[in-house]
Amino acid sequence: MPMPHSSVLAVVVLLLLAAEVRSFRSASPVAFVGSLVGRSGRSPSWGRANPRVTVASAARESVEPTVGPTATEEATPATAAASTATGKAPVASSRSDDRIGEEVAMGRAERKESDVLRWILRGVAAELFHNVVVRTLGRIRSRLLPTKDQGIDFLNEPKYRLPRRGELAVVTGATGGIGSEMVHELAFRGYDVVVAARNVERGRELARRVEGLLKVTPTKEGEQLGNQSVPGGGGDDPPAVTFVEYHADDPLSATHAASSIEGLEVPLKVLINNAGIMGKSKRKTMEVNLVGPALLTLALLPVMKNTKEDEEERATPPTVVNVGSSAHLRATYVVEEESPSKDRSWIKSLTNDPDDDLTIYARSKLALMQFSTLLRRGLSRKSDGGFGVRVYDAHPGLVWTPLLRDHIGDKAVATLTKTGLAGLIYKSPSEGAQAILGALDYALDPTETTSLGEQVYFTNGRPGGYAAPESVDSEECRRLWDRAIAPEVEGVVEMPKGRDLGSLER
């Protein structure tokens, strides 16, 4: 019996990967990725997700089949499905931040400039295996053994939306790729949504389009989201979708956006820092991928604080999701030890030369995870009143986004599309959005008891993904705060309780 077309392609891809890993000693990471996509010298962003029919995507197909991202936005991929048809996500890894930090400290003296092999084996190879093998098997299984999704029957009754929750979710970099898909999905889950992006025309158009779909889609009452019942705080009206202009590379834009969001007077419960760039200037890459999310998060923290009433009503706990990338596994540090002193920003010392080999991109993604660590340890302290904010890192995997297609070029895009490899190797933006929203489902699950100060890294929508030990190393995180974040944010936003996050211990 001949092998199915997809199985043949899977074998070819895995053989190519094995050959490339064996011969990688003399190759750059960019050349490695270029060999996989058919264009040497450039590399795609990495993202992952699980295939699943969602409330938003199914409703859009029934009302307006052409809805979807059409252009490139400064948004990075985001990670895996809310919950899969095969069951509940596994429990997160139990490795403590302190023990991981000790591992880093032991090897700091022998630190390499980058760890490409770790990235290939723990990142690229794992993502290809998931997309090509696990995802294909999951599709076959769902066709042969259709199952009912938890709480909501996505397979048999997909053409509806959930009631308005009376809660607000903010998505940055939201007008293209994964970002726009998350806006759709959150709105159909009942959240009021803020489209935070730099492109005014596309942002307003997306908001109008989603609101139009919500108005003509019936509501499904009495359902659950994850393991939590959906509160009805918004009456019979559909959720509101609002555009707020936000430029991640402009410090004042974060404060203006935060002011506009607070003015909506809807309880802010979810912030997804999805905006990002790659392959651009080194300084701008770090500004957009690190400083922008840090400024916006700190500006919005005062309105995200949890209350006793929220807990009693089982509302969405305040949740920050920082969208990551397996590229962070390439980086072994962010700020050099011989960097400028505290009174000068290390980021200002970066040049405007293009980040051709994506080294700064990898470091910016590690830096964002270190910022997450600072937030978790700082905001979970009881002496600070306990903000009750959950901070997660989520990686979407290999996702076929406009950002990726723009980066790898027309020739590689044409080859991948013509051969069918694009659909095999890469997830759709909708799958990437579900990967990221897995972190929100985890926050909503009342049976999860993970400490607020503990790192939970999501890959493919599930907790327990492999994160670089450097992402939780105390010394590295303090250096990032002192020399990169604090000089950029001080005087622009107020610190929680007026204190320096870099000085806070667990």
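Residues numbered from 1 in each chain as written. Predicted model: local features only at pLDDT ≥ 70, side-chain atom pairs only at ≥ 80, totals over all residues. Heavy atoms only, no water.

## A look at the overall build of the chain
Here comes step 1: A count of helical and extended segments in the chain gives 16 helices and 10 strands.
Here comes step 2: The buried share among the 506 residues of the chain stands at 58%.
Here comes step 3: Residue pairs in contact within the chain that sit at least 24 positions apart in sequence constitute 86% of those at least 6 positions apart.
Here comes step 4: When the accessible surface of the chain is summed, it comes to about 20200 Å², and 51% of that surface belongs to carbon and sulfur atoms. (Helix = DSSP H or I, 4+ residues; strand = E, 2+ residues; numbered from the N terminus. Buried < 20%, exposed > 50% of the residue type's maximum accessible area, 1.4 Å probe, protein only. Contact = heavy atoms within 4.5 Å. Areas by Shrake-Rupley, 256 points an atom, 1.4 Å probe, with all protein chains shown as cover.)

## Describing the pattern of salt bridges
Here comes step 1: Within this structure, the stated rule accounts for 15 salt bridges.
Here comes step 2: Note that Arg135 and Glu431 form a salt bridge whose closest N and O atoms lie 3.0 Å from each other. Highlighted residues: Arg135 in helix 5 (residues 116-144) and Glu431 in helix 15 (residues 429-444), separated in sequence by 296 residues.
Here comes step 3: Two residues, Arg139 and Glu431, come together in a salt bridge whose shortest N-O distance is 3.7 Å. Here Arg139, found in helix 5, pairs with Glu431, found in helix 15; they are 292 residues apart in sequence, far enough to count as distant.
Here comes step 4: Overall, Glu431 belongs to the buried group, its relative accessible area being 6%.
Here comes step 5: Look at the salt bridges and you will find they share partners, linking Asp115, Arg118 and Glu470 into a network. (Salt bridge = Lys/Arg side-chain N within 4 Å of Asp/Glu carboxyl O.)

## With respect to a nonpolar patch on the surface
Here comes step 1: Taken together, the side chains of Leu137, Ile140, Leu144 and Leu145 make up a nonpolar region of the molecular surface, amounting to roughly 420 Å² of accessible area.
Here comes step 2: On the secondary structure map, Ile140 appears in helix 5. (Patch = residues over 30% accessible without salt bridge, like charges linked within 9 Å, V, L, I, M, F, W, Y side chains within 5 Å.)

## Some details on the environment of Met286
Here comes step 1: Secondary-structure assignment places Met286 in helix 9 (residues 282-300).
Here comes step 2: Taking the C-alpha atoms as reference points, Met286 and Leu368, separated by 82 residues in sequence, lie 9.5 Å from one another.
Here comes step 3: With residues near it in sequence (within four places) discarded, Met286 still touches Val291, Val334, Trp346, Ile347, Leu350, Ile360, Arg363, Ser364 and Ala367.

## What about the packing of helix 9 against helix 11 (residues 359-379)?
Here comes step 1: Running from N to C, helix 9 and helix 11 point in directions that differ by 15°, and their axes come no closer than 9 Å. Judged by the angle between their axes, helix 9 and helix 11 are roughly parallel. In the packing of helix 9 onto helix 11, the handedness of the crossing is right-handed. In contact with Lys282, Thr285, Met286, Asn289, Leu290, Pro293, Ala294, Thr297 and Leu298 of helix 9, helix 11 contributes Ile360, Tyr361, Arg363, Ser364, Lys365, Ala367, Leu368, Phe371 and Leu375.
Here comes step 2: Looking at the contact of helix 9 with helix 11, its residues break down into 11 nonpolar, 4 polar and 3 charged. (Axes fitted to C-alpha atoms, helices over the stretch in contact; angles between N-to-C directions. Parallel < 35°, antiparallel > 145°, perpendicular 65-115°, else oblique. Left-handed = near helix turned anticlockwise from the far one by under 90°. Nonpolar A, V, L, I, M, F, W, Y, C, P; charged D, E, K, R; others polar.)

## What about the side chain of Thr297?
Here comes step 1: Following the sequence through the fold, Thr297 ends up in helix 9.
Here comes step 2: You can call Thr297 buried: its relative accessible area is 0%.
Here comes step 3: Setting aside its immediate chain neighbours within four residues, Thr297 contacts Leu271, Asn273, Val320, Phe371 and Leu375.

## Remarks on the packing of aromatic side chains
Here comes step 1: The full count for this structure, using the stated rule, is 4 aromatic pairs.
Here comes step 2: Aromatic side chains Tyr392 and Tyr442 sit 5.7 Å apart centroid to centroid with 85° between the ring planes, which places their arrangement in the edge-to-face category. Placement of the pair is Tyr392 in strand 8 (residues 390-395) and Tyr442 in helix 15, with a sequence separation of 50 residues.
Here comes step 3: For Tyr442, a relative accessible area of 7% gives the class buried.
Here comes step 4: Pairing Trp400 with Tyr426 gives two aromatic rings, centres 5.2 Å apart and planes at 40°, and the pair type is tilted. Residue Trp400 is located in the loop between strand 8 and helix 12 (402-408), and its partner Tyr426 is located in the loop between helix 14 (421-425) and helix 15; the two are separated by 26 residues in the primary sequence.
Here comes step 5: Joined through ring pairs, the aromatic side chains of Tyr392, Tyr442 and Phe458 make up one cluster. (Phe/Tyr/Trp six-rings, centres within 6.5 Å; stacked < 30°, edge-to-face > 60°.)

## Quick notes on the confidence of the model for the chain
Interpretation of the predicted coordinates at a detailed level should be avoided for regions scoring low in pLDDT.
Here comes step 1: In this model, the chain carries a mean pLDDT of 76, and residues with pLDDT of at least 70 account for 65%.
Here comes step 2: Ignoring residues within four places in sequence, the model shows residues 149-158, a span with pLDDT below 50, making 28 contacts including any to other chains. (pLDDT = per-residue confidence, 0-100.)

## So, the pairing of strand 6 (residues 268-273)
Working note: regular strand, side chains alternate between the two faces of the sheet.
Here comes step 1: Of all 6 residues that make up strand 6, 6 are buried, and the element is covered over most of its length.
Here comes step 2: As paired elements, strand 1 (residues 168-172) and strand 6 share 4 bridges and run parallel to each other. Bridge pairing in strand 6 links Ala169 to Val270. (Pairing = 2+ DSSP bridges.)

## Re the sheet that holds strand 2 (residues 192-197)
Here comes step 1: The strand order 5-2-1-6-7-8-9-10 describes an open sheet built from 8 strands, whose pairing is mixed. The sheet is open, and its two edges are formed by strand 5 (241-245) and strand 10 (462-463), each paired on a single side.
Here comes step 2: The sheet contact formed by strand 6 and strand 7 (residues 319-323) spans 4 bridges and is parallel. Bridge pairing links Ile272 to Val321 in strand 7.
Here comes step 3: Relative to strand 5, helix 8 (residues 251-262) is tilted by about 155°, and along the sheet it contacts strand 1, strand 2, strand 5 and strand 6.

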